[in-house]
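Examining the three-dimensional arrangement
Spelled out from the first residue to the last, the chains are:
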Amino acid sequence: MAEKIKTQIEFLVALQDLDIMIKEIAEVKELGFEVSAEGAATLTRARAELVQTIKKQLLSNYERLRSRYKRAIVPVKEDTCLGCFMRVPTSITAQGRTDVEVLSCENCGRILYWLS
Amino acid sequence: MEKPKLISYFNESTFIPALQARSKDAALDELVNCFVSAGFIRNGAIVLEMIKRREELGSTAINHGIAIPHGRTTAASDLMIAFGYSKRGLNWGAMDGKPVHLIFMVLAPPQEQNNKYLPVLGRLVEVLSNSTEREKFTQVTTFAEFTNLLKS
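Residues numbered from 1 in each chain as written. Chains lettered and ligands numbered in written order. Predicted model: local features only at pLDDT ≥ 70, side-chain atom pairs only at ≥ 80, totals over all residues.

**Some details on the overall build of chain A**
Operational definition: Numbering of helices and strands starts at the N terminus; helices are DSSP runs of H or I of at least 4 residues and strands are runs of E of at least 2. Burial is judged by counting other C-beta atoms within 10 Å of a residue's own C-beta: 20 or more means buried, 12 or fewer means exposed, and anything between counts as partly exposed, with every C-beta placed from the backbone. A pair of residues counts as a contact when their C-beta atoms, built from backbone coordinates, are within 7 Å of each other.
Each helix and strand counted, chain A has four helices and four strands in total. Out of the 116 residues belonging to chain A, those deemed buried represent 18%. Contacts in chain A between residues far apart in sequence, at least 24 positions, make up 58% of those at least 6 positions apart.

Here it is as structure tokens:
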């Protein structure tokens with residue numbers, strides 16, 4: 001169970017990295033850098049494949065948060081949510097490290113993950 | 001929005017006024033290695049892989065003999081820039097077909113609290129779009145001269 005949750009979180013982090021890359025690639029193109037249509041299509045294809053590996057409910061939560069924040073899933077560092085920089089309760093941190101369930105920040109709602 | 005000050009992202013350890021590389025791949029390798037030698041990144045292989053993948057999406061040459069290879073990587077803890085100058089010039093697949101002499105490699109962590117990555121890239125492009133400024137960068141031989149250019 002823990003391993004499955006951990007894998008889902010890893011997929012979600014990978015999806016977010018890809019989404020940020022897709023967005024930034026469009027922005028650097030505006031700065032004058034060359035980005036081939038084929039290259040951009042490759043990223044979009046990779047995203048479509050990655051989405052298939054993530055559970056619907058988790059994905060929909062991610063998409064909802066992404067419409068609100070630049071980053072929907074953020075790491076916890078030194079008991080602090082790196083999305084809103086508020087302290088995460090010790091109980092949540094202890095629970096989060098076990099990878100038994102997907103946890104969210106009580107303050108901003110972003111999905112949390114713990115760096116191992 | 002205030003323009004980011006480029007000077008703070010450069011370091012003497014990642015300043016190469018005379019690149020040894022004779023190809024684009026070798027130049028990317030040399031620049032990544034200078035970040036490793038300086039102790040700014042630990043895993044050069046990950047960064048090189050990311051930088052090469054970015055080049056596959058489209059050349060990072062922005063014409064007029066300049067290339068700005070860039071990307072985000074978990075190997076970088078802060079935004080940082082390496083500079084390399086190639087006197088002979090390197091084939092970078094630039095749209096204007098000209099060889100690249102000035103290379104600015106920009107690395108950023110996946111998450112930055114102040115989101116300077118794109119503004120810094122934009123500022124670099126802006127500074128280097130000035131032909132007089134570009135020419136000055138090809139003349140520098142020391143880091144002090146280089147930083148003086150960035151101050152002006």
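**Observations concerning helix 2 (residues 44-57) of chain B**
Residues and elements named next belong to chain B. This is how it is decided: Take the number of residues in a helix, subtract one, and multiply by 1.5 Å to get its expected span. Each C-beta atom gives one direction from the helix axis, and the arc is the one those directions make.
Over its 14 residues, helix 2 runs 20 Å from end to end, which matches the ideal 20 Å to within 8%, given 1.5 Å per residue. Within the sequence span of helix 2, burial applies to Val47, Met50, Ile51, Arg54, Glu55 and Leu57. The arc enclosing the buried residues of helix 2, seen along the axis, measures out at 155°, which places them on a common side. Opposite the packed face of helix 2, turned more than 90 degrees from it, sit the exposed residues Ala45 and Glu56. Two residues or fewer after helix 2 comes Gly58, characterised by a positive phi angle close to 155°.

**Quick look at the interface of chain B and chain A**
The line we're drawing: Any residue that is not Ala, Val, Leu, Ile, Met, Phe, Trp, Tyr, Cys, Pro, Asp, Glu, Lys or Arg is counted as polar, Gly included; the first ten are nonpolar and the last four charged.
On the side of chain A, 14 residues touch chain B, which itself brings 13 residues to the contact. Of all the elements in the fold, those that place two or more residues in the side of chain B that touches chain A are helix 2 and helix 3 (117-128) of chain B. Top contributing element to the side of chain B that touches chain A by residue count: helix 3 of chain B, with four residues. Across the side of chain B that touches chain A, the residue classes tally to seven nonpolar, five polar and one charged.

**Topic: the sheet that holds strand 3 (residues 103-104) of chain A**
The pairing of strands in a sheet comes from backbone hydrogen bonds and takes either a parallel or an antiparallel form. All names here are of chain A. Put simply, the rule is: Strand pairing is defined by DSSP finding a minimum of two bridges between the two strands.
Taken in spatial order, the four strands of this open sheet run 2-1-4-3, and their pairing is mixed. Pairing within the sheet leaves two strands with one partner each, and these edge strands are strand 2 (80-81) and strand 3. The sheet contact formed by strand 1 (residues 73-77) and strand 4 (residues 111-114) spans four bridges and is parallel. In the sheet register, Ile73 faces strand 4, and the bridge partner there is Ile111.

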